[in-house]
Structure formats: C-alpha cells, structure tokens
Amino acid sequence: MNPPRVLVTLDELRRVLVTHTEEPLAEPYPLTLPDIGDFSGGGEIEDVREYGNTLFRALLGPVWEKIVTLPAVSAAKGVEIALKLHGPVRRLAWEAMHLDGRPLIAQPECLVAVTRIVTGRAEPPQTIVRTPRVLFATGSDVTDPAIRPGAMFLGLLRECESQGLAATRIAPGVNLHQLREVCEAFMPDLIHLVAHGELDDDDQTWIRLGGETVSGNQLARAITSGTRTPVAVLLSVCHSGTAASGRTGDTVTTGGPDRTASLAEHLIDSGVSFVAAMAGEIGEHTCRLFSRRFLGALLTGDAVAEAVAHARRAALPTQVDPATGLYWAMPTLFAAEAVPPAFRTVDPSHAQALREKAKQLDLLQAPVYIGRLQIFETVDELAGPRGGIGFLAATTGSDFAKLGSTRLLREIGYRLLQRGHLPLLLAPYNEGNAPQNLRQVVAKLLTTMIITAQRLGLPPEPPRTVNRELRLGRPPAASVWQGLKQAVAEFGGSETTLTQIDVQDPLAEDLVRLAQAAEEQLGKPFGPHTQAVVLAEGLHLWHGALGWTERNPGLLDLVTPNGLGTPERPAPLIATAALLQATPLHAYQEEHAGKDWFRQVSFEPLSDDEATLGYQWILLHAWHTKPRYRNAYWLRPGYELDIFRNHIRKRVGGHPGHVLTKLYDLVELLVDNRDILLHDDEAAWRLYAKRHGLGQDTSGQRRPGEHNLGQ
C-alpha cells in the first residue's frame, strides 16, 4: 500500500501548516529553530542525533502524534512527509530528522518518506505506456577518476536495459551543446547525469560539462529543449540538491527560479516532474541502493517516494557511524507540485511484454553489457527513422575468440526489438556448425524466421523461397510448424547448387511478409517502420557460403542497399567477423567502402580504459553463476586505479569473454588483499524486503530462466 501524503508547508511568516487530504491537522505554529549552523552537505556534523532531534522538534514535533494516528497512516504503516519550504531553511538536511535519538526514516513501526515539493511549470504528468528511454550522460570522460563513483552508478543503471526495463543511450564527456542535441534526438524520459559540481561564493552549484561551466538554468534549458520533457532526472553531482546561501546578493540566473535555487529546483522549474539529487558527499553503498531503487521505482511503476524511503532505511545499517555521519541522508528527492501522490511514472506492462518477447527470442543475457559505443551508435542510426544502412559489418583484425560476438549480437537484437524491429539471430557458430554454402545459409535463415514467428505468436506462413508444397504422402507432421521446419530442412539438405536468381527475390519477399505480420499482429512498438534484421555471427567461419570472390554464390551476393529486403521494406544485415580470415568479406568491404548503405565498424578488444571501467560496472552486480562470487564488488577508497588497470591488462585483457573466469579469479585475489570490498547488495535488500513485507523487487534483477553467462 502506498504511504499517504502529509503536506508540511512553511508560509511567508515562517509558520508551519500541516495538512492531509487538504484538511489541517493543527493550527499553524511558528518554526522555531536555534542556531544549529548552516549545513552545506559536507556529510559530517558534530552531533547528528542532536541536529536531527532539533529539526524534528521544530518542524513535526507539535503534530507527530496526530500524523501517526491518522487511519490512512496506520493502515499503510507509513507516511510521505512532503515538505514545501522556502528561504534559507531549504539548506537544512531535513532528511536527517531524528525521533528519540533514532533517524526518523528508521522508525520500526512507520515507514517515513521525505519528499521536497517544488512549485514549477510542470504539468500533471502522464504515465508512460511504452518502453521508457533512459539517457546516461557524463560531463567528462567516464574514465575520469574524479567522477569514478558516479560513473560506477552508470553501470548500475545500465542494468535496466539488459533486464528489459528501458531503452538506453550513453553520452560520455558532453558539453552543453552536445547534451542539448542528444536530448532533442533521443527524447529521454529519464536522465542520469554524472558531472563535477562547483560552488561559487553564494554556495550556488555550477557543473562542468565538457570543460564548460554551466549554471542550473542553462542545464535546465538544455535537457528540456526537445519535444518531450524528461519525467525524471538523477543528478550524480555534488551539492546538486542544496540551495545556495545567497550571501553576496549577486544574481546567479535570470528568467528562472530565485538566485538561491538548487540545481534540482532549476530542473523542476523547467518542467521535470522528479529530480533525485545529492545534498553533499555520499557513502558509496548508500548511493548504490538509492540510485537503483529510485530508477527501479520509476521503471516498474512503483510509488517513487516509498521506494526511496525503503532504500534509505535498507542502507542505514551500512553507515559506519550514523551518529556522526550524514551520508545516508544526502540523497534528496524533489517532486513538482503538480505530481499527484503515489504517481506511477511507468505502466510496466508494455516493457514486461516486450521483455517476454526478448526472452522467447533468446536475447536476454547477464551481465550488464559494456563498451562498443560506436557499434551501438551505428545500430541506433540503422534502426532510426532515417535508416538507410543495408549492411553493417563489425570486424576485427585480431583474435576473434572471447570478444563476445554472440553476446554483442544478442544485445543488438534486444535493442532492435525495443525499437519495433524483428531480430533474426544466426548464432552461435563455430567451425563445426557454420553454414558452408548458400543453400545452408538460406535454410538456417528460414528456420530462424519460422521459429521467430512461432515464438511470437504470428501465423504460420510457408516460405516462398521453398518453392514447392509440403508432400502429403509422408506421415503427417505433429504441427504445421513442424511441417514448415521439415520442409526447410529438406530444402537445406539438397545438394543442388543455388544461384542468386533462385533465392534473392523470394527470400526478400519472405522477410517482408514476416515484418508485415509483426506490424499487423503484435501491436506497439511494431508498425509500418518494422523491419526484419538479420544478425549473423562469425562470417569468417562461413567457408564457401559468402560468395563474392568464391567459386559459388553466397550471402554477400544477395546483399543490396536494402540489405536482404526490398526498397519498400529493407531487411538490414548486421554481421561480425575476423576480417583477415574472411577473404570474400575483405574484398567486399574494399569495393563498397564509402557507400552510405554499407558501414564497417571496429570490433577490437576493449581498450585498457574501457575494460577497466566496464569490468567495474560488471562487478557491481551480483550476477555470477557461482554463489561465492555473487556479490557486489568495488575498489576500496584510495586504491590506485592505475594498479587495477595493470591487473586487468595482464590477467584479463580486453576480451569480455574472460569475465566469467579470469576476472573473478583476479577479484578473489584482490579481495584477499583487501584492495576490493564486497557486499551482497541484493541479499541485503531481499532480507530487508522480507522483513518488511515487500513483495515486488524494483531492482530489475535477473529472473529465473535467463542466461547468466559472461559476454
């Protein structure tokens, strides 16, 4: 049950008005605060208990008994305290309020959520009924040590895509103009921004984007410049949730909120509904739980305030000394006044249905995917409204083994599915099972098309490429689907050599018909834009099946500017290969270089920086197949990143296929040396959730039946 909201308003006379469902709980009373100092988010304060007790007595003390005895609060065993404040008191850490020497958020009999309500221009938001879009942006390169903790959270949130909860895009090292451009093009529903925060003489927070110093007002204009304003923003920026002091009286911004507005308040004023910001430095474990639960609540349709309250409470025992540290109170949730209590940002049924389709097509796989930004940017272009790419080849000049080719194609396939296309995965292949002639290529593709149609609930259609009727004289097939597969198998087993003329047009028709069936039968996100996209692994293994410079025709002879489809409905081909071992593909690439419909992108081992960062993302997730490795791992504070980078280079390298074994062998060694810390975040959360009767997991964790393999 969602906690009921109690609104606590501070009027211009510094009187506190407390209401529930617009009914006052008491006569207005003055806010009387002794001089407890100006808290600016440093995370440490001399006496946290006394500080928190003082805040509670001043703001809620006179009405607390009336609040906890409200029938709605008693029934829900919780309450959302919605603070509508103004002036310097906004700088105080109200999230740190204490009752009887214990943090208010840790009261055993009542879950207390604290939300800061901001008057802004946001209209009442509409629940998202499609797969939400999430943008991860950083103000400097993600390998910058100064933003490493925030960059780690990108890895946590990136998990949401691999778990089917969102479509994502990463924009590393952006300046203000680039951030505006990506927001206009991608139209994100949620933005996670990681950047440096700087304080001026007024304690106003400015951020660094691509070497530029940017104000809150400029940031707000950039992220709301598209046709769709984000519903929520997560700011991994120091002091982004703290209001400025206004000591010097200088005007920080014009045409927006008053000059003491925090970064979060600027964004709410621009039309964003929810902003999660950091009031100061924050403990890493606290931030992991907070970030994950905040995003999870948004994407799974839970009440955000309740999810954040549970995350705070679950993380509180990890605080080294809650009596002297305020790290657990630093994550701050802001909501626009127009957002109704218990608002659900997303109807998750759409994403869940799409996730089930991805599962049926064997596309979901742990751990979180890392790297390959150029490849995914090109795939986004291929799948976008302009399209125009018929053939995308991801090639390497080095050893193909352990690069994670199958994992890459699954990730591409899932992204295509999210955008309303049909991925046809021809993988995994090795020397023993890769097609060896054109007939086998076509048979494998037709079989994949039949299986895809069957698993997605599309009607069975005999492929026109198999230009004959099923033989009725044989024992009847157990099903129409089995009959289709048998016919294709018989077609593939024939020893007659196929020519380009035999199959090119009928295969294109079959691919078009499959895409049309998805458009007509499956609903959104499928539609007139839907294309079948062929994902082919390891073309260098397809000896005799590529054609072009080979003796017999093959796959490359069928490819046109429309891929394997038609001008009206293209069917792009995306393939991986070791280029030096694929002579026909090498010749094809040289002849077609410079044509806008053919793209070749690098598929080399990850660079040292990319591997060092990406492997840390993976280690933040408790995903491993072996229980002893099923923990969250992170580098201990002060550990030299260069040392870890050298370990990665020598022991694991840039081949993601070594994640399951070599990476965790290294982790075991570093844990023994206490260079890596570990904690089973999900076990701790499950224990907490069980203790408090929480039935739904909002983390986007792996569910039974999914792949749990290294890349």
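What counts and how
Residues numbered from 1 in each chain as written. Predicted model: local features only at pLDDT ≥ 70, side-chain atom pairs only at ≥ 80, totals over all residues. Heavy atoms only, no water. Helix = DSSP H or I, 4+ residues; strand = E, 2+ residues; numbered from the N terminus. Buried < 20%, exposed > 50% of the residue type's maximum accessible area, 1.4 Å probe, protein only. Contact = heavy atoms within 4.5 Å. Areas by Shrake-Rupley, 256 points an atom, 1.4 Å probe, with all protein chains shown as cover. Axes fitted to C-alpha atoms, helices over the stretch in contact; angles between N-to-C directions. Parallel < 35°, antiparallel > 145°, perpendicular 65-115°, else oblique. Pairing = 2+ DSSP bridges. Phe/Tyr/Trp six-rings, centres within 6.5 Å; stacked < 30°, edge-to-face > 60°. Core = buried A, V, L, I, M, F, W, Y, C linked by side-chain atoms within 4.5 Å. Salt bridge = Lys/Arg side-chain N within 4 Å of Asp/Glu carboxyl O. pLDDT = per-residue confidence, 0-100. Polar contact = N/O pair within 3.5 Å; in protein donor to acceptor, adjacent residues only side chain to side chain. Nonpolar A, V, L, I, M, F, W, Y, C, P; charged D, E, K, R; others polar.

1. Structural notes on the overall build of the protein
- When helices and strands are counted, the protein shows 21 helices and 26 strands.
- Counting the 711 residues in the protein, one finds 60% classified as buried.
- Once local pairs closer than 6 in sequence are excluded, the contacts in the protein between residues at least 24 apart make up 79%.
- As presented, the protein carries roughly 28200 Å² of accessible surface, and 50% of it is formed by carbon and sulfur atoms.

2. What to know about the packing of helix α18 (residues 608–619) against helix α20 (residues 659–672)
- Between α18 and α20, whose axes approach to 12 Å, the crossing angle comes to 85°. Between α18 and α20, the crossing angle belongs to the class labelled roughly perpendicular. Mapping the contact onto sequence places Tyr615, Ile618 and Leu619 in α18 and Val659, Leu663, Tyr664 and Val667 in α20.

3. Describing the sheet that holds strand β21 (residues 532–536)
- Reading across from one edge, β20-β21-β22-β19-β23 is the order of the 5 strands in this open sheet, with parallel pairing throughout. Strands at the two margins of the open sheet, each flanked by one partner only, are β20 (422–426) and β23 (598–602). Each strand of the sheet is rotated relative to its neighbour by a mean of 20°, with strand direction disregarded.
- Here helix α13 (residues 438–456) sits on the sheet and contacts β20 and β21; the angle it forms with β20, its principal contact strand, is near 135°.

4. Here we look at the packing of aromatic side chains
- As enumerated under the stated definition, the model contains 10 aromatic pairs in all.
- With centroids separated by 6.2 Å and ring planes inclined at 75°, the aromatic side chains of Phe400 and Phe603 adopt a geometry described as edge-to-face. In this pair, Phe400 is assigned in the loop between β19 (391–396) and α12 (405–418) and Phe603 in the loop between β23 and α18, connecting sequence segments 203 residues apart. Pair check on accessibility: Phe400 and Phe603 agree, each one buried.
- A ring pair is formed by Tyr429 and Trp542, whose centres lie 5.7 Å apart and whose planes are at 80°; its orientation type is edge-to-face. Placement of the pair is Tyr429 in the loop between β20 and α13 and Trp542 in the loop between β21 and α16 (555–558), with a sequence separation of 113 residues.
- Tyr429 sits in the buried class, given a relative accessible area of 14%.
- Connected via pairs of aromatic rings, a cluster forms that spans Phe391, Trp548, Tyr588 and Phe598.

5. Observations concerning the nonpolar core
- Of all hydrophobic cores here, the largest spans 88 residues; its most connected members are Leu179, Leu219, Leu235, Phe274, Val275 and Tyr615.
- Setting aside residues no more than four positions away along its own chain, Leu179 makes contact with Leu135, Ala137, Val174, Leu209, Leu219 and Ile223.
- Judged by nonpolar contacts, the second largest core, of 84 residues, contains Leu403, Leu409, Ala577 and Val601.

6. Looking at the pattern of salt bridges
- All chains considered together, the criterion is met by 23 salt bridges.
- Through salt bridges with shared partners, one network takes in Arg130, Asp189 and Arg228.

7. Observations concerning the confidence of the model for the protein
- Per-residue pLDDT for the protein averages 84, and the proportion of residues at 70 or more is 83%.
- Predicted confidence for residues 247–257 stays below pLDDT 50, and this span has 26 contacts to residues more than four positions away or in other chains.
- For residues 469–475, every residue scores under 50 in pLDDT, and the model assigns this stretch 4 contacts once sequence neighbours within four places are set aside.

8. Side note on unusual backbone geometry
- In this structure, the amide linkage connecting Ala427 to the following residue, Pro428, adopts the cis form with an omega of -5°.
- Mapped onto the secondary structure, Pro428 falls in the loop between β20 and α13.
- For Glu22, which is not glycine, the phi dihedral falls at a positive 70°.
- Structurally, Glu22 can be placed in the loop between β2 (15–20) and β3 (23–24).
- Relative accessible area serves as the criterion here: at 75%, Glu22 is assigned to the exposed category.
- Residues other than glycine seldom take positive phi values, yet Ala342 does so here, at roughly 60°.
- Taking the relative accessible area as the measure of exposure, Ala342 reaches 32% and is therefore partly exposed.

9. Comments concerning the side chain of Thr332
- Position of Thr332 relative to the elements: it lies in strand β17 (residues 331–336).
- Only 2.9 Å separates the side chain of Thr332 from the backbone oxygen of Met330, close enough to count as a polar contact.
- Thr332 has contacts with Glu95, Arg116, Val275, Ala276, Ala277, Ala279, Phe290 and Arg312, leaving out every residue within four places of it along the chain.

10. Focus on the sheet that holds strand β14 (residues 212–214)
- The 3 strands lie next to each other as β12-β13-β14, forming an open sheet whose pairing is antiparallel. Because the sheet does not close on itself, it has two edges, and the strands there are β12 (196–199) and β14. Each adjacent strand pair in this sheet contributes to an overall mean axis angle of 35°, direction not counted.
- Of the strand pairs in this sheet, β12 and strand β13 (residues 205–209) are connected by 4 bridges, and their pairing is antiparallel. The residue of β13 that forms the bridge with His196 is Arg208.

11. So, the environment of Arg57
- On the secondary structure map, Arg57 appears in helix α1 (residues 48–59).
- Sequence separation between Arg57 and Met97 is 40 residues; the distance between their C-alpha atoms is 8.8 Å.
- Not counting the four nearest positions on each side in its chain, Arg57 is found in contact with Glu50 and Pro62.
- At a separation of 3.3 Å, a polar atom in the side chain of Arg57 contacts the side chain of Glu50.

12. Brief notes about the packing of α13 against helix α14 (residues 480–493)
- Remark: α13 packs on α14, axes separated minimally by 8 Å, with the N-to-C direction vectors making an angle of 170°. Between α13 and α14, the crossing angle belongs to the class labelled roughly antiparallel. Counted together, Arg439, Gln440, Val442, Ala443, Leu446, Thr447, Ile450, Ile451, Ala453 and Gln454 of α13 and Trp481, Leu484, Lys485, Val488, Phe491 and Gly492 of α14 form the full contact between these two elements.
- Looking at the contact of α13 with α14, its residues break down into 10 nonpolar, 4 polar and 2 charged.

13. Considerations on the environment of Val466
- Note that Val466 resides in the loop between α13 and α14.
- Measuring from C-alpha to C-alpha, the distance between Val466 and Leu446 comes to 9.1 Å, with 20 residues separating the pair along the chain.
- Not counting the four nearest positions on each side in its chain, Val466 is found in contact with Leu446, Ala487, Val488 and Phe491.

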